[in-house]
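Here are the chains, one letter per residue:
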Amino acid sequence: LRRAHDELEARVAARTAELSARTAELAEAERRFRAIVEASPTPLLFSRLEDGLVLYANPRLDALIGAAPGSLAGRRTPDFY
């Protein structure tokens, strides 16, 4: 029982380390993607297909339509258009 417990603890520690590494990789990828999208000269809007919820609009789109930065997120695309 002790050996099984120790093996399980080791597996949990290894999996936790793996998940931590993946989380760091994902955070870095998101940081790079956000930097690219925010620097884009093209107005961009990301929304969910199923309900039209605006997830993100870049600063270029905000400026184009005169919206306050970040004010479109959380609205629905029918409200936007």
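About the thresholds
- Residues numbered from 1 in each chain as written.
- Predicted model: local features only at pLDDT ≥ 70, side-chain atom pairs only at ≥ 80, totals over all residues.
- Heavy atoms only, no water.
- Patch = residues over 30% accessible without salt bridge, like charges linked within 9 Å, V, L, I, M, F, W, Y side chains within 5 Å.
- Areas by Shrake-Rupley, 256 points an atom, 1.4 Å probe, with all protein chains shown as cover.
- Salt bridge = Lys/Arg side-chain N within 4 Å of Asp/Glu carboxyl O.
- Helix = DSSP H or I, 4+ residues; strand = E, 2+ residues; numbered from the N terminus.
- Buried < 20%, exposed > 50% of the residue type's maximum accessible area, 1.4 Å probe, protein only.
- Phe/Tyr/Trp six-rings, centres within 6.5 Å; stacked < 30°, edge-to-face > 60°.
- Lys, Arg positive; Asp, Glu negative; His and termini not counted.
- Contact = heavy atoms within 4.5 Å.

Draft legend 1. Quick look at a nonpolar patch on the surface. Together, F33, F46 and L55 line one region of the surface with nonpolar side chains, adding up to about 280 Å² of accessible area. Within the secondary structure, F33 is located in helix α1 (residues 2-39). In this structure F33 comes out as partly exposed when scored by relative accessible area, which is 46%.

Draft legend 2. Geometry of the packing of aromatic side chains. Applying the stated criterion across every chain, the model contains 2 aromatic pairs. Each ring, one from F33 and one from F46, has its centre 6.0 Å from the other, and the planes form 50°; the classification is tilted. Highlighted residues: F33 in helix α1 and F46 in strand β1 (residues 45-47), separated in sequence by 13 residues. Look at F46 and you get partly exposed, because its relative accessible area is 31%. Here a set of aromatic residues connected by ring pairs shows up, and it is made of F33, F46 and Y56.

Draft legend 3. Seen up close, the side chain of D62. Take D62: it is sitting in helix α2 (residues 59-65). Salt bridges are absent for the buried D62, whose nearest opposite-charge side chain, R75, sits at 8.5 Å. Those residues in contact with D62 that sit more than four places away from it in its chain are A57, A67, A68, P69, G70 and L72.

Draft legend 4. Representation of the pattern of salt bridges. Across all of its chains, the model carries 11 salt bridges by this definition. Put simply, E28 and R32 hold a salt bridge, and the shortest N to O gap is 3.6 Å. Remark: R32 and E28 occur in helix α1; sequence separation between them is 4 residues, near one turn of the helix. With a relative accessible area of 44%, R32 lands in the partly exposed category. Where D51 meets R48, a salt bridge forms, and the shortest distance between an N and an O atom there is 2.6 Å. Given the relative accessible area of 32%, R48 is considered partly exposed. Several salt bridges converge on common partners, so that one network encompasses R48, E50, D51 and R76.

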